[in-house]
Amino acid sequence: MSQRELADIERALTDLAASLELPPTPDLAAAVSARLERAPAPARPAAGRRRWAWRWLGGLGGWRRLAVAGLAVLLLAAAVLVASPPTREAVARRLGLRGIGVELGGPPPPTATTTPGGRLDLGLGRRVSLEEARRRVSFPVLLPGTAGLGQPDAVFVSEVVPPGGRVDLVWRARPGLPASPFTDAGLLLTEFKGQPTPEFIKKVAVAGQVEFVEVGGEPAYFFSGEPHFFTYLDSAGNFREEQTRLAGNTLIWQRGDLTLRLEAQISKEEALRIAESMR
Amino acid sequence: MEGRPLDEQELVEQARGGDARAYEVLVRRYQDLAFRTAWVIAGGADAEDAAQEGFVKAWYALPRFRAGSPFRPWLLAIVANEARNRRRSGRRQDDLALRVAEDRPSGDAAPSPEAAALDSEQRRLLLAAVGRLGDSDRQVITCRYFLELSEAEMAAALGCRRGTVKSRLSRALERLRAALAEQDAAAAAATKLPGGER
C-alpha cells in the first residue's frame with residue numbers, strides 16, 4: 001500500500017514538473033565572460049594546452065582551421081595590446097586598429113596608409129576603388145544617400161572572410177562627423193553577408209548599452225558606451241567575432257541576408273538617418 | 001546532453017586549455033541548470049550571484065578538473081557550494097514559490113487517483129505540500145523531480161555522498177506522503193460542508 005502511494009506521488013511530481021514555471025535564468029554567460037575578460041587567465045599546463053590545441057585543430061576542417069588560426073592571431077594581438085603600452089602602439093599600427101582586420105589566408109595587412117588628409121586605413125583589407133569592390137563581393141554594395149556624405153573616402157574589400165566578402169566604406173572626419181580617437185576616419189560602414197546572432201546582443205550589452213531600434217522596419221541594435229565585441233554567423237555558418245574599430249557608437253542592422261554596421265561618434269538619430277538612407 | 005558527449009568533452013578540454021570562448025559555450029549550455037540549482041539551495045535573492053560566482057570559480061578550477069569525467073556534477077558541486085555559502089541562515093525559502101502554469105481546465109469528471117494528469121488545483125496543492133517540507137526534503141525532491149538531476153548531480157548539488165541520495169529521497173517522499181494525507185483529510189472535511197466548492 002505504502003509503495004503504491006509513493007509511486008503515485010512520484011508520478012504526480014513528474015506531472016507537476018511539466019507544468020511548473022521555473023524562474024527565468026539571467027544571462028550568466030555574458031556576465032561570466034565579461035568577468036573573465038577583465039581577469040587574468042589562469043595558469044595552464046603549457047604542454048597540455050599545446051597538445052589539445054593541435055588535436056583540436058587537426059579535427060577541424062580546412063576552413064575552420066583557418067578561422068581558428070586567425071582567431072589565435074587575434075587573441076595573441078589582443079594579449080599584446082593589453083600587455084604593454086609601447087608594444088600596443090606598435091601592434092596597433094601594424095594590424096590596423098585593436099588587432100582587428102587580420103585577414104585569414106590573405107596577405108598581411110598593410111601598415112596604416114597615409115592618405116591626403118590623414119590615416120584612414122583601419123586594417124580592413126585591400127584598399128580598392130568602389131567599382132572594384134562591387135565586382136569583388138557577392139552582394140550589391142549599398143551607399144548612404146544622406147546629404148553631405150557623398151562617396152566614401154576609402155573603400156576596402158575583403159574577399160576571404162566572411163564568405164561572400166566584406167566591404168568597408170570609410171568617410172573622413174568632418175564637421176558633424178568627429179574623428180575617431182585612433183584614426184582620421186569619422187564614419188565606418190561595413191557590409192557583409194551574415195546574420196547577427198541573438199547572443200551577440202547579450203555579449204555586448206555587458207560592456208556598453210544596447211538599444212533595440214528599427215531600420216526599414218527590421219530590428220536593429222544601437223550600441224553606445226564602451227568598445228564592444230560583435231559576434232555574427234557568416235554565410236558559411238561560422239561564428240565570427242569582431243570588435244568596434246572607431247570606438248564610437250555602433251548601429252547594426254540587417255537587410256535581407258546582408259548585415260550592415262555603422263560606426264561613428266554620432267547620435268542614435270543621426271546613425272538611424274544614415275542607415276535609412278542606404279540604397 | 002546524452003547525444004553529444006564528445007562535444008561537451010571537447011569544449012571542456014578547450015576551456016581547460018584557456019579558451020574562454022569554449023567556456024562561454026559551456027556556461028550558456030548549463031546556465032539554466034546552474035541557476036536553478038543555486039536557486040533551490042540559496043533562494044531567489046542570491047541565486048544569480050551564486051551561479052555567476054560558481055561559473056567564474058569553475059573556470060579557475062578547470063586545470064584541476066579530471067579529464068574525461070562528467071562536467072555537470074563537477075560544475076554543480078561548485079555552484080551549489082557558492083549557493084550554500086550565500087544562504088542566509090534561518091531563512092525560510094518563501095521565494096521558492098514556484099508557479100503552476102494554468103492549463104488543462106479540469107473536466108467535469110473527477111480524475112481518479114491513478115490518473116497521471118493532475119488538474120491545476122491538485123498541482124497547486126502538491127506544490128504547496130512540497131514547499132512546506134523541511135529544507136533538506138524540499139531540496140532533494142526539487143532536484144530530482146523539478147530539475148531532473150541525475151543521482152551524481154544530486155549528490156553534487158546537495159553536498160552528500162552519492163550513496164545517500166536515494167535514502168534521502170525516499171525519506172523526503174515519505175514525509176511528503178504524510179503531508180499530502182493530512183492535506184487530503186482536511187480537504188475531505190471541507191467538501192463535506194455545505195457549499196464545499198468554496
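Residues numbered from 1 in each chain as written. Chains lettered and ligands numbered in written order. Predicted model: local features only at pLDDT ≥ 70, side-chain atom pairs only at ≥ 80, totals over all residues.

Quick look at the overall build of chain B
Right, on to step 1. When helices and strands are counted, chain B shows eight helices and one strand.
Right, on to step 2. When the helices and strands of chain B are read in sequence order from the N terminus, they spell out α-α-α-α-β-α-α-α-α.
Right, on to step 3. Residue burial in chain B is summarised as follows: out of 198 residues, 39% are buried.
Right, on to step 4. Of the contacts formed within chain B by residues at least 6 apart in sequence, a portion of 62% connects residues at least 24 apart. (Helix = DSSP H or I, 4+ residues; strand = E, 2+ residues; numbered from the N terminus. Buried ≥ 20, exposed ≤ 12 C-beta atoms within 10 Å, placed from the backbone. Contact = placed C-beta atoms within 7 Å.)

Examining helix 3 (residues 44-61) of chain B
Right, on to step 1. Compared with an ideal rise of 1.5 Å per residue, which puts 18 residues at 26 Å, helix 3 of chain B spans 26 Å between its outermost C-alpha atoms and is within 8% of the ideal.
Right, on to step 2. By the burial criterion, the buried members of helix 3 of chain B are Asp46(B), Ala47(B), Ala50(B), Ala51(B), Gln52(B), Glu53(B), Gly54(B), Phe55(B), Ala58(B) and Trp59(B). (Expected span 1.5 Å × (residues − 1).)

Digging into the confidence of the model for chain A
Residue and element names in this part refer to chain A.
Right, on to step 1. Summary statistics for chain A give a mean pLDDT of 64 and a share of 50% for residues scoring 70 or more.
Right, on to step 2. Put simply, strand 2 (residues 114-115) is where chain A has its lowest mean pLDDT, 32, and helix 8 (residues 268-276) is where it has its highest, 93.
Right, on to step 3. Every residue in residues 43-119 scores below 50 in pLDDT, and together they form 101 contacts with partners more than four places removed in sequence or on other chains.
Right, on to step 4. Segment residues 199-207: pLDDT under 50, and 26 contacts once partners within four positions in sequence are set aside and those in other chains are kept. (pLDDT = per-residue confidence, 0-100.)

Some thoughts on helix 7 (residues 151-158) of chain B
Residues and elements named next belong to chain B.
Right, on to step 1. The buried count for helix 7 comes to six of eight residues, which makes it a mostly enclosed element.
Right, on to step 2. Of the residues making up helix 7, those classed as buried are Glu153, Met154, Ala155, Ala156, Ala157 and Leu158.
Right, on to step 3. In this structure, the buried side of helix 7 is in contact with helix 2 (20-42), helix 4 (71-86), helix 6 (135-146) and helix 8 (162-192).
Right, on to step 4. Positive phi appears at Gly159, one or two residues downstream of helix 7, with a value of about 70 degrees.

Considering the pairing of strand 5 (residues 154-158) of chain A
Regular strands place side chains that alternate from one sheet face to the opposite one.
Residues and elements named next belong to chain A.
Right, on to step 1. Of all five residues making up strand 5, five are buried, and the element is well covered by its neighbours.
Right, on to step 2. Residues Ala154, Phe156 and Ser158 point to one face of strand 5 and Val155 and Val157 to the other, with burial holding for every one of them.
Right, on to step 3. In terms of strand pairing, strand 4 (residues 126-128) meets strand 5 through three bridges, oriented antiparallel. Each bridged residue has a counterpart across the sheet, and for Arg127 the counterpart in strand 5 is Phe156.
Right, on to step 4. As paired elements, strand 5 and strand 6 (residues 166-172) share five bridges and run antiparallel to each other. (Pairing = 2+ DSSP bridges.)

Quick look at the nonpolar core
Right, on to step 1. Core analysis: the largest hydrophobic core is formed by 61 residues, its most contacted members being Leu28(A), Ala34(B), Ala38(B), Ala51(B), Leu75(B) and Val79(B).
Right, on to step 2. It is helix 2 of chain B that contributes the most residues to this core, 12 residues altogether.
Right, on to step 3. When residues of this core are assigned to domains, at least three fall in each of domain 1 (5-86) and domain 2 (117-192) of chain B.
Right, on to step 4. Apart from the residues lying within four places of it in its own chain, the contact partners of Ala34(B) are Leu28(A), Ala51(B), Gly54(B), Phe55(B), Leu75(B), Leu76(B) and Val79(B).
Right, on to step 5. Ranked by size, the runner-up nonpolar core spans 30 residues in total, among them Leu189(A), Val215(A), Trp253(A) and Leu262(A). (Core = buried A, V, L, I, M, F, W, Y, C linked by C-beta atoms within 7 Å. Domains from an automatic or database assignment.)

Some remarks on the packing of helix 6 of chain B against helix 8 of chain B
Residue and element names in this part refer to chain B.
Right, on to step 1. Following both chains from N to C, one finds helix 6 and helix 8 inclined at 105 degrees, their axes separated by 9 Å at the closest point. As judged from the angle between their axes, helix 6 and helix 8 are roughly perpendicular. Taking contact as the criterion, the partners of Asp137, Val140, Ile141 and Arg144 in helix 6 are, on helix 8, Arg168, Leu169, Ala172, Arg175 and Leu176.
Right, on to step 2. For the contact of helix 6 with helix 8, the residue count by class is five nonpolar, no polar and four charged. (Axes fitted to C-alpha atoms, helices over the stretch in contact; angles between N-to-C directions. Parallel < 35°, antiparallel > 145°, perpendicular 65-115°, else oblique. Nonpolar A, V, L, I, M, F, W, Y, C, P; charged D, E, K, R; others polar.)

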